[in-house]
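So you can see what is in the structure, the chains are spelled out below.
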Amino acid sequence: MSVTDTQPPAAAPLIPRAQPPERPAARIIRDFARSPLALFGLALLLVIVLAALLAPWITPQNPYDLRSLSIMDSRLAPGEVGFSGVSFWLGSDGQGRDMFSAILYGLRISLMVGLIACTSALLIGLTLGLVAAYFGGRTDTVIMRLVDLHLSFPPILVALILLAILGRGLENIIVALIIVQWATFARMARATALSERGREYVEAAQSLGLSRIRILFGHLLPNCLPPLMVLYTVEIASAIALEATLSFLGVGLPATQPSLGLLISNGFQFVLSGQYWISVFPGIALLLLIVAINLVGDRLRDVLNPRNIT
Amino acid sequence: MVFVIRRLLQALFLGLVMSALVFAGIFAVGNPVDILIDPDATQAERARLIAQLGLDRPFHEQYFIFLGNLLQGDFGNSFVYNRPALTLILERMPATLELAFAAIVIAVVLGIPLGVYAGLRHGTPGSQAVMAGSILGFSVPNFWQAIMLIMVFSVMLGWFPVSGRGEVGTFLGIRSSLFTLNGLHHIALPAINLAIGHLALVIRLARSGTREVQAQDFIRFARAKGLSEPRIVLVHLLRNILIPIVTLVGMSFGGLIAFAVVTETIFAWPGMGKLIIDSIRMLDRPVVVAYLIVIVVIFIILNLLVDLLYSLIDPRIRLDEARQ
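Residues numbered from 1 in each chain as written. Chains lettered and ligands numbered in written order. Predicted model: local features only at pLDDT ≥ 70, side-chain atom pairs only at ≥ 80, totals over all residues. Heavy atoms only, no water.

### Quick look at the overall build of chain B
- Broken down by element type, chain B carries 13 helices and two strands.
- When the 324 residues of chain B are sorted by exposure, 45% land in the buried category.
- Sequence separation of at least 24 residues holds for 70% of the intrachain contacts in chain B that already meet a minimum separation of 6.
- For chain B, the exposed area adds up to about 16400 Å²; of that, 67% sits on carbon and sulfur atoms. (Helix = DSSP H or I, 4+ residues; strand = E, 2+ residues; numbered from the N terminus. Buried < 20%, exposed > 50% of the residue type's maximum accessible area, 1.4 Å probe, protein only. Contact = heavy atoms within 4.5 Å. Areas by Shrake-Rupley, 256 points an atom, 1.4 Å probe, with all protein chains shown as cover.)

Here is the structure:
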C-alpha cells in the first residue's frame, strides 16, 4: 500500500520521491529506544523473565525438593556457607531453603498468575467493550452500568470477597483477578472504540456491506489495540501486586504454590527477630518486577500516542 | 434540592441492587444452609434453623426475608465469637475509621503542599525529587512497605511500637487513640503505611492541577494586580485545584477502608479489616456476609457524600443536572 507506487515515473526528476512510509513497528521501536530509563526497564524485565523461565537450570537447588534441603542450613544470613558447603548468597529460610532459588521459583508462579489472569481479563473486557460501543443502546447501557458498579469498589475488596466465597487456590485467585480486572479493560475498549467508530474506514466498511461482526473484529479491533496494550502492561503489574498482597494475607495461593507474596509472608515472623532477608529479598524481587513493567508501560503510553511525543 | 433527592433515590436503588447481588451470590456459590449454619450443628438443629431462616421457601420470598432481617440489623451470629456479627463489626469500626482518617490527614497535609510546590517549580531538581518519590510510593506494594517500616523504625531504630492500638482516650464522647500520646505513638506507622499510596496520588493531582490553573487568565490577572504570591497560591490557585482532590479524598476514603485490611493485619490493629481476614481464615461466614453488607452501605454513603460535596464546591455541576 505504498504511496509511491501510484506516482507516475515521469514526475520523479521534478518532485523529490516521497520516502516510503515507515512501518509503524519500526517507528515504535525507535521511539521506545529513545528513553534510556525505558530501555533499562525493558532489560530488567527481560532478565527477570528469563531468570524465572530458566529457574530449574540456574538455581543452586530445587527449593521444593525436600531431599536437597537440610534443616542445618536454616536461617543462614546472606553470604554464609551452609552445612553442605554451598554458599547461600541471599540467605536461607526457616526450612534451610536457599532464598535465591526460592525467589526464582516464586517469580515463575507470580508471573504465570499475572499473565493468565490479565490476558483473560483483556479478552473478556475487550469483547464486551467493543460490543457495547458498536451496538450502543440498551446493550451499551447494561454493560456500562455493570462496569460503573464494578469500578466503584476497590479491587482488593472485590478480590477479598470473591476469595472469601471461593476459598484459597490457584484457579480461584485467577478467577478473582479476572473478575477484578475485566471492567477496566471494558471501559477503555469502549471509550477507544467510540472515538474510532465515527472514522471513515468504518463507514467505508459499512458501505461495502460487510457484516457487523467482521467490521467489529476485523476493522475496529486492530485500531483500538494500542491504548489497550498500554493498559494491559500496567495491569499485569497490578495483578501481580494484588496476588502477592492476597497471598500474603493468607487468602490467595495455597502453601503448595509459593509465590513471592507467600515467601514474604513466611519471612514476616522472622523480621521481628532481625532476620530481615527472608522477607526483604522476595520483596525487592517483587518491587523490581513491578517497577520494570511500569517503566515499560509508561514509555509505551508515550510512544503509542503520537501526540505525547516531545 | 431536586439534585439531592435524585441522588438519594439512586443510592437507595443501588443498595437494593447490591443486596440482591450479595444474596444471589450466596445462592449461586453454594447451599446457603452450609454458608449460614454452623457445620457442627446436629440434624435436628439444622432442620430447626432451616425452618427458622426460611430456607425451605421459594427464592423471592427468601430474598424478602433476608432483606427484612438486614433492615432489622439481624446478620446472624458469629461461629467463632458466638455474638451477633453486626455488633462485632460495629465494635471494630471506630479503630478502622480512625486509621483511615489519620491516613487522609497525612496524605492531604503533606500531599497538597508537595504537589503545589512540584507544579510551581516544574523542572527543578526539587520538583523532580518529589515526583520520583511519588512514583516510588505508587509502585511499592503496600504490604511489603509495611514490613519495611516495621523493620526499620520498630526493630532497628526502636522508635515506634510494632503493633497494637495503644491507649484510647475520650474526647467529646468519641473514643480514639488519636487523643492520647501513647495512642498517637501507636497509630503513626500504620497511618503512614496506609497513607503513602494516596499521598502519591494527591501529589500528582495537586501538581497537574497547579500547572493547569497557573497558566489561566485569572492567575495572570491576580499577578498583574500585584497580589502577593502567598495570596495568589493560597486563595486563587488552591481553590481551583481542590475539586479533583476532594473527589479523590472522598473516593479514597473507601479505598483506605479496603486497604486497611492489609495494614491492620500487619500491625495487628484491632479494626474491621483484621476481623474480616481472621473470619475468612476461620470460615466465620456470618461475619464475612455482614462485613460485605456493611462495606457496601459505607461505599454507597461515601459516593453520595462526595457527589453532594462536589455540588457545594462547584455550583456548575448542580446547575447542569437541573437543566437536564
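So that's the structure; there's more coming.
### What to know about the overall build of chain A
- Each helix and strand counted, chain A has 11 helices and two strands in total.
- In sequence order, the secondary structure elements of chain A are arranged as α-α-α-β-β-α-α-α-α-α-α-α-α.
- Residue burial in chain A is summarised as follows: out of 310 residues, 48% are buried.
- Considering only residue pairs separated by 6 or more positions, chain A has 69% of its internal contacts joining residues 24 or more positions apart.
- Accessible surface, chain A: about 15300 Å² in total, of which carbon and sulfur atoms supply 65%.

### Comments concerning a nonpolar patch on the surface
Residues and elements named next belong to chain A.
- Taken together, L50, L53, L54, W57 and I58 make up a surface patch of nonpolar side chains, about 570 Å² in accessible area.
- Elements represented by at least two residues in the nonpolar patch include exactly α2 (36-53) and α3 (55-58).
- Position of W57 relative to the elements: it lies in helix α3. (Patch = residues over 30% accessible without salt bridge, like charges linked within 9 Å, V, L, I, M, F, W, Y side chains within 5 Å. Salt bridge = Lys/Arg side-chain N within 4 Å of Asp/Glu carboxyl O.)

### Side note on the interface of chain B and chain A
- Chain B puts 34 residues into the contact, and the matching count from chain A is 32 residues.
- Regarding the contact of chain B and chain A, the summed buried area is about 2900 Å², with carbon and sulfur atoms giving 89% of it.
- By the criterion of area lost to chain A, the three top residues of chain B are F143(B), W144(B) and I147(B), representing 21% of everything that side buries.
- Taken together, the connections running from chain B to chain A amount to zero salt bridges.
- When residues of the side of chain B that touches chain A are traced back to their parent elements, those giving at least two are α1 (2-29), α7 (142-156), α10 (229-267), α11 (272-281) and α12 (285-313) of chain B.
- Counting residues per element, the side of chain B that touches chain A draws most heavily on α10(B), which supplies eight residues.
- Along the lines of polarity and charge, the residues of the side of chain B that touches chain A split into 28 nonpolar, five polar and one charged. (Buried area = accessible area lost by both parts, 1.4 Å probe. Nonpolar A, V, L, I, M, F, W, Y, C, P; charged D, E, K, R; others polar.)

### Comments concerning the pattern of salt bridges
All names here are of chain B.
- Using the criterion set out here, one finds four salt bridges over all chains in the structure.
- D278 is the partner of K274 in a salt bridge, and the nearest nitrogen-oxygen pair spans 3.3 Å. Placement of the pair is K274 and D278 together in helix α11, with a separation of four residues, close to one helical turn.
- For K274, a relative accessible area of 22% corresponds to the partly exposed category.
- Looking at D278, the relative accessible area reads 19%, which means it is buried.

### As for the packing of aromatic side chains
- Under the counting rule described, the total for this entry stands at three aromatic pairs over all chains.
- Their ring planes at 85° and their centres at 5.6 Å tell us that Y134(A) and F135(A) sit as a pair that is edge-to-face.
- By relative accessible area, Y134(A) is classed as buried at 7%.
- What makes F135(A) partly exposed here is its relative accessible area of 33%.
- Through a chain of ring-to-ring contacts, three or more aromatic side chains come together here, namely F248(A), F268(A) and F143(B). (Phe/Tyr/Trp six-rings, centres within 6.5 Å; stacked < 30°, edge-to-face > 60°.)

### What to know about helix α9 (residues 212-249) of chain A
All names here are of chain A.
- For α9, built from 38 residues, the straight-helix expectation of 56 Å at 1.5 Å per residue is missed by more than 12%, its first-to-last C-alpha distance being only 46 Å.
- The principal kink in α9, of about 50°, is found at L221, preceding the proline P222 by one to four residues.
- Downstream of α9 by a residue or two, G250 has a phi angle that is positive, lying close to 85°. (Expected span 1.5 Å × (residues − 1). Bend = angle between axes of the 7 residues up to and from the residue.)

### Observations concerning α11(B)
- Counting buried positions over the 10 residues of α11(B) gives eight, a clear majority of the element.
- All of the buried residues along α11(B) are M272(B), G273(B), L275(B), I276(B), I277(B), D278(B), S279(B) and I280(B).

### Points about the packing of α9(A) against α10(B)
- At a closest axis distance of 11 Å, the pairing of α9(A) and α10(B) adopts a crossing angle of 40°. Of the possible angle classes, the one that applies to α9(A) and α10(B) is oblique. Regarding α9(A) and α10(B), the two cross each other, and that crossing is left-handed. Of the residues in α10(B), those touching α9(A) at T245(A), F248(A) and L249(A) are V261(B), V262(B), T265(B) and I266(B). (Axes fitted to C-alpha atoms, helices over the stretch in contact; angles between N-to-C directions. Parallel < 35°, antiparallel > 145°, perpendicular 65-115°, else oblique. Left-handed = near helix turned anticlockwise from the far one by under 90°.)

### Section: unusual backbone geometry
Residues and elements named next belong to chain B.
- Residue A268 is not a glycine yet carries a positive backbone phi of 50°.
- With respect to the helices and strands, A268 occurs in the loop between α10 and α11.
- With relative accessibility at 30%, the residue A268 sits in the partly exposed group.

### Some remarks on the environment of I106(B)
Residues and elements named next belong to chain B.
- Position of I106 relative to the elements: it lies in helix α5 (residues 85-120).
- For the pair I106 and L199, spaced 93 residues apart in sequence, the C-alpha separation works out to 7.5 Å.
- Once you skip the residues sitting within four places of it in the chain, I106 turns out to touch G111, A191, I192, A195 and L199.

### A short note on the nonpolar core
- Ranked by internal contacts, the top residues of the largest apolar core, which has 151 residues, are I266(B) and Y291(B).
- In terms of residue count, α9(A) provides more of this core than any other element does, 19 residues in total.
- Shared between two domains, this core takes at least three residues from each, and those domains are domain 1 (2-71) and domain 2 (91-322) of chain B.
- What I266(B) contacts, discounting residues up to four positions off in sequence, is F248(A), F268(A), F143(B), A146(B) and I150(B).
- Among the nonpolar cores identified, the runner-up in size contains 19 residues, and I112(B), V116(B), V130(B) and I245(B) belong to it. (Core = buried A, V, L, I, M, F, W, Y, C linked by side-chain atoms within 4.5 Å. Domains from an automatic or database assignment.)

### A few points about the environment of R190(A)
- Position of R190(A) relative to the elements: it lies in helix α7 (residues 170-197).
- Discounting residues that sit within four places of it in the chain, R190(A) has contacts with G129(A), A132(A), A133(A), D140(A) and M144(A).

### So, the confidence of the model for chain B
Residue and element names in this part refer to chain B.
- When pLDDT is averaged along chain B, the result is 77, and 82% of the positions lie at 70 or above.
- Per-element confidence in chain B is highest for α5, whose mean pLDDT is 86, and lowest for helix α13 (residues 315-323), whose mean pLDDT is 57.
- Interface scoring of the predicted complex returns ipTM 0.74; its pTM is 0.79. (pLDDT = per-residue confidence, 0-100.)

### Looking at the state of the cysteines
- Taken as a whole, this structure holds zero disulfides over all chains when the rule is applied.
- No disulfide involves C118(A); its nearest neighbouring cysteine sulfur is the one of C224(A), lying 18 Å away. (Disulfide = S-S within 2.5 Å.)

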